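This is what each chain is made of:
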Amino acid sequence: MAVIPYGPEAVVLVVADGAGGLPAGKRASLEAVSTLVASLQASMDQTVLLRTAILNGIEAANQAVQALANGSATTFTVVTVEGRLTRAYQIGDSEAMVVGQRGVLKLQTPVHSPTGFAVEAGLLGQREALHHEDRHLVSNFLGTADMRIDVGATVELQPRDTVFVASDGLTDNLHTEEIIERIRCGPLDKAIDRVVGLANRRMAGAAAGQPSKPDDLSLLLFRKPMPRKRAAGEETSA
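The residue numbering used here restarts from 1 in each chain and proceeds along that chain's sequence as written. Only residues with pLDDT of 70 or above have their local features reported here, since the model is predicted, and side-chain atom pairs are shown and tallied only from 80 upward, although totals for entire chains, interfaces and linings are computed over all residues. The side-chain values count all of the structure's non-hydrogen atoms but skip hydrogen atoms and water molecules.

Colleague: Looking at this structure, I do not really get the overall build of the chain. What am I missing?
Modeller: Put simply, DSSP H or I for four residues or longer makes a helix, DSSP E for two residues or longer makes a strand, and each gets a number counted from the N terminus. In terms of helices and strands, the chain carries 7 helices and 10 strands. Scored against the burial criterion, the 238 residues of the chain give a buried share of 46%. By definition, residues are in contact when any of their heavy atoms lie within 4.5 Å. A separation of at least 24 residues holds for 69% of the contacts in the chain among residues at least 6 apart in sequence. For the chain, the computed accessible surface area is about 11700 Å², with 53% contributed by carbon and sulfur atoms. Each residue's exposure class comes from its accessible area (1.4 Å probe, protein chains only) as a fraction of the maximum for that residue type: buried when under 20%, exposed when over 50%, partly exposed otherwise. Residue exposure ignores everything except the shown protein chains as possible cover, and the areas themselves are Shrake-Rupley values with a 1.4 Å probe.

Below, the structure is given as structure tokens:
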């Protein structure tokens, strides 16, 4: 995981999860994130537009993981917040969401997997997908020659919207509505405790009708600080 400043008005959130069943997943994810950090730093020094900097950084990260030449790969989910605009860049099955304070789901990245595409096509419900026998399959990884970047549309953040980025260790153990209810309001540290606590309980043992998939878990939550409104007649100091 990383939280990367990009100038005074932007931040980049990233979660990378090494591919299970392939060698050196931890090394692949670390290489990908550290390459993105270095690439963004260079782009910021050259005042490159953030969208261009992200795409260049992801391409550099893909080449860096391929250069390890050990057959490893990783998911890679990047979310940018620039001013009040946010955008997601998706590779694999780590997920990003934007959730309003009242529980409105304003953004959710597509999962690059057979079950994820079935959900997008309306052939599977999200609850059915969590229990599907092919849930573990992923069709797009960083570190491969055919890696593709799913670039989302921009979403304008409203006060108290929550940005969520997590590996499948969380999203394979909690239903989307369970995540939304636990992160939509309240202090972020308590929100993290709520979702991670439930995920850990699910991983520890299957309950009837609930998902249970032991896995590593990475999670970032972010809220954009909004300017405080001045009361009528209130003075500001220089």
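Next comes the rest of the account.
Colleague: What exactly am I supposed to notice about the side chain of Thr109 here?
Modeller: Assignment of secondary structure puts Thr109 in the loop between β6 (105-108) and α3 (114-120). The residues contacting Thr109, other than those within four sequence positions of it, are Ala88, Gln90, Ser94, Glu95 and Ala96.

Colleague: Could you clarify how one ought to interpret the pattern of salt bridges in this entry?
Modeller: The rule for a salt bridge is simple: a side-chain nitrogen of Lys or Arg has to be within 4 Å of a carboxyl oxygen of Asp or Glu. With the rule as written, the count across this model stands at 6 salt bridges. Note that Arg202 is salt-bridged to Glu178, the shortest N-O span being 2.8 Å. Linking Arg202 in helix α7 (residues 188-204) with Glu178 in helix α6 (residues 176-183), this pair joins segments that are 24 residues apart in sequence. The class for Arg202 is buried, based on a relative accessible area of 10%. Under the relative-accessibility criterion, Glu178 is labelled buried at 14%. Here Glu181 ties to Arg184 by a salt bridge, and the two come within 3.2 Å at their closest N and O atoms.

Colleague: What exactly am I supposed to notice about the packing of helix α1 (residues 25-45) against helix α2 (residues 50-67) here?
Modeller: Any two packed helices are characterised by the angle at which their axes cross and by the distance between the axes. Where α1 meets α2, the closest approach of the two axes is 8 Å, and the angle between their N-to-C directions is 140°. In this structure, α1 crosses over α2, and the sense of that crossing is right-handed. On the side of α1, the interface is formed by Ala28, Glu31, Ala32, Thr35, Leu36, Ser39, Leu40 and Ser43, while α2 contributes Ala53, Ile54, Asn56, Gly57, Ile58, Ala60, Ala61, Ala64 and Val65. Nonpolar residues are Ala, Val, Leu, Ile, Met, Phe, Trp, Tyr, Cys and Pro. Charged residues are Asp, Glu, Lys and Arg, and all others, Gly as well, are polar. Across the contact of α1 with α2, the residue classes tally to 11 nonpolar, 5 polar and 1 charged. Helix axes are fitted only over the stretch in contact, all axes being lines through C-alpha atoms; the angle between N-to-C directions runs from 0 to 180 degrees. Helix crossings fall into two classes, left-handed where the near helix is turned counterclockwise from the far one by less than a right angle and right-handed where it is turned clockwise.

Colleague: What is the right way to look at the sheet that holds strand β5 (residues 95-99) in this model?
Modeller: The strands making up a sheet associate through hydrogen bonds between their backbones, and the pairing can be parallel or antiparallel. Should DSSP find at least two bridges between two strands, the strands are taken to pair. Reading across the sheet, the 4 strands line up as β6-β5-β9-β10 and stay open at both edges, with antiparallel pairing between neighbours. Edge positions in the sheet fall to β6 and β10 (219-222), since each of these pairs with one other strand and no more. Taking each pair of neighbouring strands and ignoring which way they run, the sheet shows an average axis angle of 15°. Pairing between β5 and β6: 3 bridges, direction antiparallel. Across the sheet, residue Val98 finds its bridge partner in β6, namely Leu107. Strands in contact with α7 are β9 (162-166) and β10; relative to β10, the strand with the most contacts, it is inclined by about 145°.

Colleague: Even after reading the chapter, I still don't get the nonpolar core, so can you show me in this structure?
Modeller: Generally speaking, nonpolar side chains in soluble globular proteins are found buried as a group. The term nonpolar core refers to a set of buried residues drawn from Ala, Val, Leu, Ile, Met, Phe, Trp, Tyr and Cys, joined through side-chain atoms within 4.5 Å. Grouped together as the largest cluster of nonpolar side chains are 25 residues, with contacts concentrated most on Val14, Leu40, Ile54, Ile58, Phe76, Val78 and Leu142. For this core, the elements supplying multiple residues, two or more each, are β1 (2-5), β2 (10-15), α1, α2, β3 (76-82) and β4 (85-91). Excluding residues within four positions of it along the chain, Leu142 makes contact with Ala32, Ile58, Ala61, Asn62, Val65, Ala73, Thr74, Phe76, Ile91 and Met147.

Colleague: Just to check I follow, could you spell out the pairing of β9 for this structure?
Modeller: Consecutive residues of a regular strand have side chains that alternate between opposite faces of the sheet. Of all 5 residues in β9, 5 are buried, a share of seventy percent or more. Of the two faces of β9, the one lined by Thr162, Phe164 and Ala166 and the one lined by Val163 and Val165 are each fully buried. Pairing of β5 with β9 involves 5 bridges; the strand directions are antiparallel. Looking at β9, one finds that Met97 is bridged to Phe164.

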